[in-house]
Amino acid sequence: MELGPLNQLGKQVAAHLGPEWTASVETLYGWKHVAMLTKADGATLHLYIDSSPTPRVNASGAFPAGYGCDVRTITVAIAQGPERIARHIRSRFLPEYLASYAQAVEHATRSAAHEKVRQEALQRLAAIAGEPVSKSGAISLSRDWLDLTRQLEYQKSLYQVTVTLGSASRGEFRLESAPVALLERLLQVARDFGEKLEG
């Protein structure tokens, strides 16, 4: 189907769905022409035409990046016209899709909030360490490396500390699943200790 007729179909279906829906035409993957019906809250329907064996409108839904949900696609014979296509979408597709979309948005919002807190904590730790955050999101105060010959582990309910000794005077300290407050204190101690050695 040419873009003009697809654009017209999208606008007609959107009008029958309600004033909160707007329509446009996009090309996905460089070849697939899709009518995009977008709701005020960001919910978006993809309508595209499958001409084999007879022309049908396929309706699917978009979700926030990384939060796809398993919502079935429906098809409606294009011969039924925009009003009946919209009716099928409203009754057979929208209830499940909009509920799943709302859940995905809520999950994405929570994840974004958690990631913001995580990044802020990472920057605080980097400031304490006096070292930049690497591309992989790590902070390092490493001075040297030695082969491990002995290992001592101390298990706590909230985190695990692993001390590895390469010799009587050198070793490594690894802390897993630790509270940020503890990381802040330990990084400050490590930085202060290193400055004393260099002085």
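Preceding block: the structure.
Every chain begins its residue count from 1, and numbering advances along the sequence as written. Only residues with pLDDT of at least 70 get local features here, since the model is predicted, and only at 80 or more are side-chain atom pairs given and counted; chain-wide, interface and lining totals rely on the full set of residues. The basis for every side-chain value is the complete set of heavy atoms in the structure, and neither hydrogens nor water enter the calculation.

**Observations concerning the side chain of N58**
1) Next: Helix and strand assignments follow DSSP, with helices taken as H or I runs no shorter than four residues and strands as E runs no shorter than two, numbered in order from the N terminus. Within the secondary structure, N58 sits in strand β4 (residues 56–62).
2) Next: Throughout, a contact is declared for two residues whenever any of their heavy atoms are within 4.5 Å. Residue contacts for N58: discarding those within four places in its chain leaves H46, L47, Y48, I49, D50, T73, I74 and T75.

**Digging into the nonpolar core**
Here is a general trend for soluble globular proteins: nonpolar side chains tend to be buried in one another's company.
1) Next: Counting 26 residues, the largest nonpolar core has V13, L17, L37, L45, I89 and Y97 as the members making the most contacts within it.
2) Next: Of all elements in the fold, only α1 (3–17), β2 (32–39), β3 (44–50), β4, β5 (74–77) and α2 (81–129) reach the threshold of two or more residues within this core.
3) Next: No other element matches the eight residues that α2 contributes to this core.
4) Next: Leave out the neighbours within four places in its chain, and L45 touches L17, W21, A35, M36, L37, S60, I89, F93, L94 and Y97. Think of a nonpolar core as a cluster: buried Ala, Val, Leu, Ile, Met, Phe, Trp, Tyr and Cys residues, connected wherever their side-chain atoms sit within 4.5 Å. Exposed residues in this analysis have more than 50% of their type's maximum accessible area, buried residues have under 20%, and partly exposed residues fall in between, with area computed by a 1.4 Å probe over protein chains only.

**Quick notes on the sheet that holds β5**
1) Next: In spatial order, the strands read β1-β2-β3-β4-β5; together these five strands make up an open sheet with antiparallel pairing. What marks the edges here is a single partner per strand, and that holds for β1 (21–28) and β5. Averaged over all neighbouring strand pairs, the angle between strand axes comes to 30°, with direction disregarded.
2) Next: Strand pairing follows a simple DSSP-based rule, namely that at least 2 bridges must link the two strands. Pairing of β3 with β4, which is carried by seven bridges, proceeds in the antiparallel orientation. For L45, the partnering residue across the bridge sits in β4 and is G61. In this description, a line fitted to the C-alpha atoms serves as the axis of each element, helices being fitted only across the stretch in contact, and the angle between N-to-C directions of two axes falls anywhere from 0 to 180 degrees.

**Examining the packing of aromatic side chains**
1) Next: Here a pair means two rings of Phe, Tyr or Trp (six-membered ring of Trp) with centres within 6.5 Å. Their orientation is stacked below 30 degrees between planes, edge-to-face above 60, and tilted elsewhere. Applying the stated rule across the entire model yields four aromatic pairs.
2) Next: Both rings, one in F63 and one in Y97, keep their centres 5.3 Å apart while their planes meet at 70°; by these two values the pair is edge-to-face. Within this pair, whereas F63 is found in the loop between β4 and β5, its partner Y97 is found in helix α2, the two being separated by 34 residues in sequence.
3) Next: Look at Y97 and you get buried, because its relative accessible area is 0%.
4) Next: Each ring, one from F93 and one from Y97, has its centre 5.4 Å from the other, and the planes form 15°; the classification is stacked. In this pair, F93 and Y97 both sit in helix α2, four residues apart, roughly one turn of the helix.

**Observations concerning the pattern of salt bridges**
1) Next: We define a salt bridge as a side-chain nitrogen of Lys or Arg found within 4 Å of a carboxyl oxygen belonging to Asp or Glu. Going through the model one piece at a time under the given rule, you end up with six salt bridges.
2) Next: For the salt bridge of R110 with E106, the shortest nitrogen-to-oxygen distance reads 3.2 Å. Of this pair, R110 and E106 both sit in helix α2, separated by four residues, roughly a single helical turn.

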